[in-house]
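Commentary on secondary and tertiary structure
Residue-level listing of the chains:
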Amino acid sequence: MSVSLWCEEVDEEQNQNQTAVPVSDALAGSSQLRAGWDPSVSGCRVIQRLLHVEERYSPSVLYVSLIQQEPGRREELTKWTLQAVFPLAVSLVDRFLSALLALPVSPVSPVSPVCLAAGCILIASKLTECETVTAELLCAAAEHDFLPSSLRDMERLILATLRWDTAAVTPQDFLPHFLASLEERGGTFGTELLSTLRRHSDTLASMCVCDSQFLGTPPSLVAAASLNCALRGLGRTGHTELVFLGEILAALCQTDAAVLQCCSEMIEGALRQRLRSGLQRGPSEKGEEVESERPGTPTDMRDIDF
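Residues numbered from 1 in each chain as written. Predicted model: local features only at pLDDT ≥ 70, side-chain atom pairs only at ≥ 80, totals over all residues. Heavy atoms only, no water.

**Some points on the state of the cysteines**
- Across all of its chains, the model carries zero disulfides by this definition.
- In this model Cys208 remains outside any disulfide bridge; the closest cysteine sulfur is found in Cys263, 6.4 Å from its own.
- According to the relative accessible area criterion, Cys208 is buried, its value standing at 4%.
- Of the cysteine sulfurs around Cys262, a residue in no disulfide, the closest is that of Cys263, at 7.2 Å.
- Residue classification places Cys262 among the partly exposed residues on the basis of a relative accessible area of 42%. (Disulfide = S-S within 2.5 Å. Buried < 20%, exposed > 50% of the residue type's maximum accessible area, 1.4 Å probe, protein only.)

Given below as structure tokens:
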């Protein structure tokens, strides 16, 4: 009797050759090889569990206040991690630095910002990727600012400081479950719209991870507000349905609809500012028109100026 370990993984190249993409695949994300969407690991039970855990991985209030006074250094680190296992690596950076503030004695060796970011990428890669990034590759990416041995020392320091508790909750963990819940509660999304919503909301959530003004905001609220902005920006749903879906998202992340609306407006303001910054670096004939309109939702991270 033969035993099969086939888990219905779908190659993205095969999906592109098909005329129709299942809704489950649209919810599963955009990785090159993925298992099919399993409804039994979604829904309110999973969302409640994520909400219960997310506060455990939030940085301290002191760290948040210090970073927001001078956000430039943190944004430089987030830019460096942008091409890797993001945003889990950024969460590890924030939690490590937050934990250092609570230590009575500083580490023996000074913490190099780039080496710290690389160490967090190395850990996050081992947690989430099938093919992990190597220490040598990270050293080369940092133009050999540190040695592989120093990076491994940094990895051990991060793990010891965080007590090996590295599997943090991020906004991207909530997005597929929120989308599935909206579908179950009456959201009228086609397959193409569902896939577009996932990409756009993921982009907006990643932008929030980079932006220090959202530091300390619960990941569930960032995810819900990003999805709300994506729905509004695409302009394919009426006002009544938008209000209805917004109320569902607020209930899912256990917050008030006014709070969700406020966070959504903050995201739109941050998006407008970054798009304007990109236009200033590469001016176009439509620059003045873009500034006066509601910002749309870019397809991927390359459409936002970081």
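Right, picking up where we left off after that structure.
**Structural notes on the pattern of salt bridges**
- With the rule as written, the count across this model stands at six salt bridges.
- Put simply, Glu136 and Arg152 hold a salt bridge, and the shortest N to O gap is 3.0 Å. Of this pair, Glu136 sits in helix α8 (residues 135-141) while Arg152 sits in helix α9 (residues 148-161), and the two are 16 residues apart along the sequence.
- For the salt bridge of Arg156 with Asp153, the shortest nitrogen-to-oxygen distance reads 2.3 Å. Placement of the pair is Arg156 and Asp153 together in helix α9, with a separation of three residues, close to one helical turn.
- A relative accessible area of 42% means that Asp153 is categorised as partly exposed. (Salt bridge = Lys/Arg side-chain N within 4 Å of Asp/Glu carboxyl O. Helix = DSSP H or I, 4+ residues; strand = E, 2+ residues; numbered from the N terminus.)

**Quick look at the packing of helix α7 (residues 113-128) against α9**
- Two elements in contact, α7 and α9, have axes whose closest approach is 9 Å; the angle formed by their N-to-C orientations is 70°. Between α7 and α9, the crossing angle belongs to the class labelled roughly perpendicular. Within the contact between the two elements, α7 uses Cys115, Leu116, Ala118, Gly119, Cys120, Leu122, Ile123 and Lys126 and α9 uses Ser150, Leu151, Met154, Glu155, Ile158 and Leu159.
- For the contact of α7 with α9, the residue count by class is ten nonpolar, two polar and two charged. (Axes fitted to C-alpha atoms, helices over the stretch in contact; angles between N-to-C directions. Parallel < 35°, antiparallel > 145°, perpendicular 65-115°, else oblique. Contact = heavy atoms within 4.5 Å. Nonpolar A, V, L, I, M, F, W, Y, C, P; charged D, E, K, R; others polar.)

**Observations concerning the nonpolar core**
- Within the largest apolar cluster, 70 residues are counted, with the highest numbers of intra-cluster contacts made by Leu151, Phe178 and Ile267.
- Of the residues that make up this core, three or more belong to each of domain 1 (58-162) and domain 2 (171-278).
- When near neighbours in sequence (up to four residues on either side) are disregarded, Phe178 contacts Ile47, Ser220, Ala223, Ala224, Leu227, Leu249, Leu252 and Cys253. (Core = buried A, V, L, I, M, F, W, Y, C linked by side-chain atoms within 4.5 Å. Domains from an automatic or database assignment.)

**Section: the environment of Glu247**
- With respect to the element layout, Glu247 can be found in helix α13 (residues 239-252).
- Sequence separation of Glu247 and Gln261 is 14 residues, and the distance between their C-alpha atoms is 9.8 Å.

**Structural notes on the environment of Thr78**
- Relative to the helices and strands, Thr78 is located in helix α5 (residues 72-80).
- The sequence separation of Thr78 and Met207 amounts to 129 residues, and the corresponding C-alpha distance is 9.9 Å.
- Discounting residues that sit within four places of it in the chain, Thr78 has contacts with Phe86, Val90, Val209 and Cys210.

**Side note on α13**
- End to end, α13 covers 20 Å across 14 residues, agreeing with the expected 20 Å (1.5 Å per residue, within 8%).
- Among all positions of α13, only Leu242, Leu245, Gly246, Ile248, Leu249, Ala250 and Leu252 are buried.
- Phi turns positive, to about 55°, at Gln254, one or two residues after α13. (Expected span 1.5 Å × (residues − 1).)

**Looking at the packing of helix α10 (residues 171-184) against helix α11 (residues 191-210)**
- Contact geometry for α10 and α11: axes closest at 10 Å, N-to-C directions at 145°. Considering only the axes of α10 and α11, their crossing is right-handed. Along its contact with α10, which presents Pro171, Gln172, Leu175, Pro176, Leu179 and Glu183, the element α11 presents Leu194, Leu197, Arg198, Ser201, Asp202, Ala205, Ser206 and Val209. (Left-handed = near helix turned anticlockwise from the far one by under 90°.)

**Some thoughts on the packing of aromatic side chains**
- Using the criterion set out here, one finds one aromatic pair in the structure.
- Ring geometry for Phe174 versus Phe178: centroids 5.6 Å apart, planes at 35°, classification tilted. With Phe174 and Phe178 both in helix α10, this residue pair falls four residues apart, about one helical turn.
- Residue Phe174 is classed as buried on the basis of its relative accessible area of 0%.
- Classification of Phe178 as buried rests on a relative accessible area of 0%. (Phe/Tyr/Trp six-rings, centres within 6.5 Å; stacked < 30°, edge-to-face > 60°.)

**Some remarks on unusual backbone geometry**
- Even without being a glycine, His144 presents a positive backbone phi close to 55°.
- On the basis of relative accessibility, which here comes to 60%, the residue His144 falls in the exposed class.
- Within the chain, Arg163 stands out as a residue other than glycine whose phi angle is a positive 55°.
- With respect to the element layout, Arg163 can be found in the loop between α9 and α10.
- A residue is classified by how much of its surface remains accessible, and Arg163, at 73% relative accessible area, is exposed.

**A few points about helix α3 (residues 44-54)**
- Listed as buried for α3 are Val46, Ile47, Leu50, Leu51, Val53 and Glu54.
- As for α3, its buried residues are in contact with α10, α12 (219-234) and α13.

**So, a nonpolar patch on the surface**
- On the surface, a cluster of nonpolar side chains totalling about 260 Å² of accessible area is made up of Leu62, Leu66 and Leu101.
- Structurally, Leu101 can be placed in helix α6 (residues 88-102). (Patch = residues over 30% accessible without salt bridge, like charges linked within 9 Å, V, L, I, M, F, W, Y side chains within 5 Å. Areas by Shrake-Rupley, 256 points an atom, 1.4 Å probe, with all protein chains shown as cover.)

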